Amino acid sequence: MLSLLSSFTAAQTKQIPPAPIPTQISTAKRVFIANGGGDEPGIYDPFFNGDVDRAYNQFYAAMKSAGRYELVGSPAEADLLFEIRFLMQPNETKVFKGDTFGPTYDPQFRLEIRALKTNALLWGFTEHMEWAILQGNRNKNFDQASARIVTDVLALGTRALAAATTPAKP
């Protein structure tokens, strides 16, 4: 049993080659961005500036300015579907510096990349946002996490293109 465990541990320390990136990601030129919705539990006292479409609007604008993909107005025109969603998961922890302060949240961006013909999930990203007490800090953290999800997508596209143009090793 011990030798089996040690061989498993040794196998884990070896460099694992990267798994392939779906070819649709490397070949895509046109993308439809879908608004997967946004949570805003503070209906009467919003946690963030903007509205529930803020994540979608920011992601769309950033992807447009990046120029990596042509953004199209309908899924029928696209090679890929990007669905962006903003979630506010309540945290169980209600303690701040030893005192009960109130509910906290785990805000997160979720981006799913789907194949148009099959609706198969090709890739997904989740970026967590640091929670803050002050709204100005929450807005700043929102912007930073939004920028990270865009960076994630663009980096994946770059890796996919590099993998597609690199000859396979024998």
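Here the structure is a predicted model, which means the values were calculated and not measured.

Structural notes on the overall build of the protein chain
(1) Moving on: A tally of helices and strands in the protein chain yields four helices and seven strands.
(2) Moving on: The order of α-helices and β-strands along the protein chain, N terminus first, is α-α-β-α-β-β-β-β-β-β-α.
(3) Moving on: Restricting to contacts in the protein chain with at least 6 residues of sequence separation, those with at least 24 account for 64%.
(4) Moving on: Only carbon and sulfur atoms are counted for the fraction: they give 57% of the accessible area of the protein chain, which is about 10700 Å².

Looking at helix H4 (residues 135–165)
(1) Moving on: Taking 1.5 Å as the rise per residue, H4 with 31 residues should run 45 Å; its terminal C-alpha atoms sit 45 Å apart, in good agreement.
(2) Moving on: Residues of H4 that are buried include every one of Arg138, Asn139, Asn141, Phe142, Ala145, Ser146, Ile149, Val150, Val153, Leu156, Gly157 and Ala160, and no others.
(3) Moving on: Its buried side turned inward, H4 meets helix H2 (23–27), helix H3 (54–66), strand E3 (80–90), strand E6 (105–115) and strand E7 (121–128).

A few points about the sheet that holds E7
(1) Moving on: Taken together, the five strands give an open sheet; going across it, the order is E2-E1-E3-E6-E7, and neighbouring strands pair in mixed fashion. One side of each edge strand has no neighbouring strand; the edge strands of this open sheet are strand E2 (70–71) and E7.
(2) Moving on: Where E6 and E7 come together, seven bridges link them in antiparallel fashion. For Gln108, the partnering residue across the bridge sits in E7 and is His128.

So, H3
(1) Moving on: Between the first and last C-alpha of H3 there are 18 Å, a value that for 13 residues agrees with the 18 Å anticipated at 1.5 Å per step.
(2) Moving on: Check the buried side of H3 and you find it contacts strand E1 (30–38), E2, E3, E6 and H4.
(3) Moving on: Two residues or fewer after H3 comes Gly67, characterised by a positive phi angle close to 70°.

Some words on the packing of aromatic side chains
In this description, a pair of aromatic rings is defined by centroid distance and the angle of the planes.
(1) Moving on: This model, assessed by the stated rule, comprises six aromatic pairs.
(2) Moving on: Summarising the aromatic geometry, the rings of Phe59 and Phe82 are spaced 6.5 Å apart at their centres and angled 55° between planes, so their arrangement reads as tilted. Of this pair, Phe59 sits in helix H3 while Phe82 sits in strand E3, and the two are 23 residues apart along the sequence.
(3) Moving on: A relative accessible area of 1% means that Phe82 is categorised as buried.
(4) Moving on: Taking 5.0 Å as the distance between ring centres and 70° as the angle between the ring planes, the aromatic pair formed by Phe109 and Phe142 counts as edge-to-face. With Phe109 in strand E6 and Phe142 in helix H4, this pair connects stretches of sequence that are 33 residues apart. Per residue, the accessibility class of Phe109 equals that of Phe142, and both read buried.
(5) Moving on: Each residue in the set Phe59, Tyr69 and Phe82 is aromatic and connected to the rest through ring pairs, giving one cluster.
(6) Moving on: Cation over ring: Arg54 sits above Phe142, and NZ or CZ is 4.1 Å from the ring centre.
(7) Moving on: A cation over a ring is seen here: Arg68 above Tyr69, with NZ or CZ 4.2 Å from the ring centre.

Parameters and conventions
Residues numbered from 1 in each chain as written. Predicted model: local features only at pLDDT ≥ 70, side-chain atom pairs only at ≥ 80, totals over all residues. Heavy atoms only, no water. Helix = DSSP H or I, 4+ residues; strand = E, 2+ residues; numbered from the N terminus. Contact = heavy atoms within 4.5 Å. Areas by Shrake-Rupley, 256 points an atom, 1.4 Å probe, with all protein chains shown as cover. Expected span 1.5 Å × (residues − 1). Buried < 20%, exposed > 50% of the residue type's maximum accessible area, 1.4 Å probe, protein only. Pairing = 2+ DSSP bridges. Phe/Tyr/Trp six-rings, centres within 6.5 Å; stacked < 30°, edge-to-face > 60°. Lys NZ or Arg CZ within 6 Å of the ring centre and 35° of its normal.

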